[in-house]
Amino acid sequence: MNGLFIVLIFAVLLYSIYNKFKIKIYGDDVYKIGVLGNDKNIIKYGSMIQSLSKENLEIVSFEDYDSLMAAVNNKNIDYGITYENYFIDAVLGLNSYENKIYKNLQFCTGLYFNYFQLLSNIFVKDDEFSSKFNKISEFKNFKKTYNRNLVIGTEDFKSISFINLFILLVVFDFNPINYNKFDYTKEYNDNDVFYLIDTEENLTKKMLENKIDALFLFRTFNDKTINYIDSEKDIIYVDIDFETTYFDQLFSIYYFKNSNVLIGVDSIDDLLNKIGFQTRMSRTVMITHNSSKEDITYSILKTIYGHNDYLTNVLTNSTQKLDKMHNYFEPIQLAFVDKNIPISNGSRKYFKELGFIIDQEYIIDLLELKNNEKLKCYWKYKKIGLEKFKL
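Residues numbered from 1 in each chain as written. Predicted model: local features only at pLDDT ≥ 70, side-chain atom pairs only at ≥ 80, totals over all residues. Heavy atoms only, no water.

**Q** Whenever I open this one, the overall build of the protein confuses me. Can you help?
**A** Per the secondary structure count, the protein includes 15 helices and 13 strands. Taken over 391 residues, the protein has a buried fraction of 45%. The contacts in the protein between residues at least 6 apart in sequence include a share of 72% that link residues at least 24 apart. (Helix = DSSP H or I, 4+ residues; strand = E, 2+ residues; numbered from the N terminus. Buried < 20%, exposed > 50% of the residue type's maximum accessible area, 1.4 Å probe, protein only. Contact = heavy atoms within 4.5 Å.)

Below, the structure is given as structure tokens:
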């Protein structure tokens, strides 16, 4: 009888252990990350997070940024990767989101930066070939010089490239016109610029065959398409001289200054052989909802920041070792966000561990310590022997 009782206890314990093991290995807790189906870099980044993370992540594709954010806001998916400008609008009720605020959205982290990149064939300003069109503002004289209007190629209407090209042209007082609506019988104004929509492959071919004058893409550093065109023909990376416009005053909440972007730079030795141009950059971000699990968000962020160099080097097609430190941005540039945007608890916890978020009480104590006159007098020397002192 005692033997049977012992066997029964052993069976119960074994079953309990089995269930715990089963839950750990085969648990059905799946966390969904939404990506934009028309953005290859977002798809790539999402897939890399999925493969690197210890969490059970599923990638879900969406047709556009609004349906993705709506799915996160409605808690149909747990996370989303999208463009920061639309995320800010959706949370604060700005622009197209004035009447439909997504109140449940929260910021997780920035992931990487895209840049305005305008490539142009080489056009000279005068018959003496003394100077070239180097700035976008100078293209206002393009028709006077070449007796026709400029044609710029870009991606489809729902792409971030098209949207930013449209903003760019309007800010510089150009009038964007769809090339498909070109009328040979009509006389166009000097500020009319035609945009041609096509696939990336066809745009590359058209640029190489001089069938378009310029190409605009909103991409990361060292984009493969841009680098390929640059290697195949002589082009100019057009300076986007924003200081002559109201762009920074109007869009500074979305875009950041990076006054001189260097193309194809993997090391300091590359600097002598590379060129730079003026532009602006904007982040691609990861978002979540206000009911997401703190520990899962924390775990995902730990994966992202722990593999930051690898993720960025893969995304920017680096020719160096993928774990080598990149020089494109500092990790803290991914963590900051507008003060009116809510931060998820998991992100807040991780940022505090990194020292990116400091409690107010700590700052007050630190200021009081630094203002202590006795301590200032005591630490008269910054260094004594081999020891360095820091207040």
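More follows now that the structure is in view.
**Q** Got a minute to help me understand the environment of Asp39 in this structure?
**A** On the secondary structure map, Asp39 appears in the loop between strand 1 (31-36) and helix 2 (40-52). On a C-alpha basis, the gap between Asp39 and Ile160 in space is 8.4 Å, while along the polypeptide they are 121 residues apart. When sequence neighbours within four positions are dropped, the list of residues in contact with Asp39 reads Tyr83, Tyr112 and Ile160. Within the structure, the side chain of Asp39 is placed 3.0 Å from the backbone nitrogen of Ile42, a separation counted as a polar contact. Side chain to side chain, Asp39 and Tyr83 meet in a polar contact 2.5 Å long. (Polar contact = N/O pair within 3.5 Å; in protein donor to acceptor, adjacent residues only side chain to side chain.)

**Q** Even after reading the chapter, I still don't get a nonpolar patch on the surface, so can you show me in this structure?
**A** On the surface, Phe166, Val170, Tyr246 and Leu250 cluster together into a nonpolar patch covering about 360 Å² of accessible area. Position of Val170 among the secondary structure elements: in helix 6 (residues 160-171). Relative accessible area serves as the criterion here: at 36%, Val170 is assigned to the partly exposed category. (Patch = residues over 30% accessible without salt bridge, like charges linked within 9 Å, V, L, I, M, F, W, Y side chains within 5 Å. Areas by Shrake-Rupley, 256 points an atom, 1.4 Å probe, with all protein chains shown as cover. Salt bridge = Lys/Arg side-chain N within 4 Å of Asp/Glu carboxyl O.)

**Q** What is the right way to read the confidence of the model for the protein from this model?
**A** Should the pLDDT be low somewhere, the predicted coordinates at that spot are not to be read in detail. Overall, the predicted model of the protein reaches an average pLDDT of 82, with 74% of residues at or above 70. Long-range and interchain partners of residues 20-26, a stretch whose pLDDT sits below 50, account for one contact in this model, where long-range means more than four residues apart. For residues 265-274, every residue scores under 50 in pLDDT, and the model assigns this stretch 15 contacts once sequence neighbours within four places are set aside. (pLDDT = per-residue confidence, 0-100.)

**Q** What should I look at first to understand the packing of aromatic side chains in this one?
**A** Between two aromatic rings, the relevant description is the distance of the centres plus the angle of the planes. For the coordinates displayed, the defined rule picks out 36 aromatic pairs. Plain terms: the ring middles of Phe133 and Phe139 are 5.3 Å apart, the flat faces sit at 5 degrees to each other, and that makes the pair stacked. For the pair Phe133 and Phe139, one class covers both residues: buried. Ring centres of Phe218 and Tyr255 lie 6.4 Å apart, and the angle between their planes is 75 degrees; this geometry places the pair in the edge-to-face category. Of this pair, Phe218 sits in strand 8 (residues 214-219) while Tyr255 is found in the loop between helix 9 (247-251) and strand 10 (256-262), placing the two residues 37 residues apart along the sequence. Looking at Phe218, the relative accessible area reads 4%, which means it is buried. Taken together, the ring pairs in this structure connect Phe116, Phe172, Phe216, Phe218, Phe242, Phe247, Phe251 and Tyr255 into an aromatic cluster. For the cation-ring pair, Lys349 lies above Tyr298, with the distance from its terminal atom to the ring centre recorded as 4.8 Å. (Phe/Tyr/Trp six-rings, centres within 6.5 Å; stacked < 30°, edge-to-face > 60°. Lys NZ or Arg CZ within 6 Å of the ring centre and 35° of its normal.)

**Q** Explanation requested: helix 11 (residues 308-315) in the structure shown.
**A** Within an α-helix, residues lying three or four positions from one another point in the same direction, as the helix has 3.6 residues per turn. Along helix 11, the positions that sit buried rather than exposed are Asn308, Leu311, Thr312, Asn313 and Leu315. Each element contacted by the buried residues of helix 11 is listed here: helix 2, strand 4 (105-120), helix 10 (294-306) and helix 12 (332-335). The first or second residue beyond helix 11 is Asn317, which carries a positive phi of 55 degrees.

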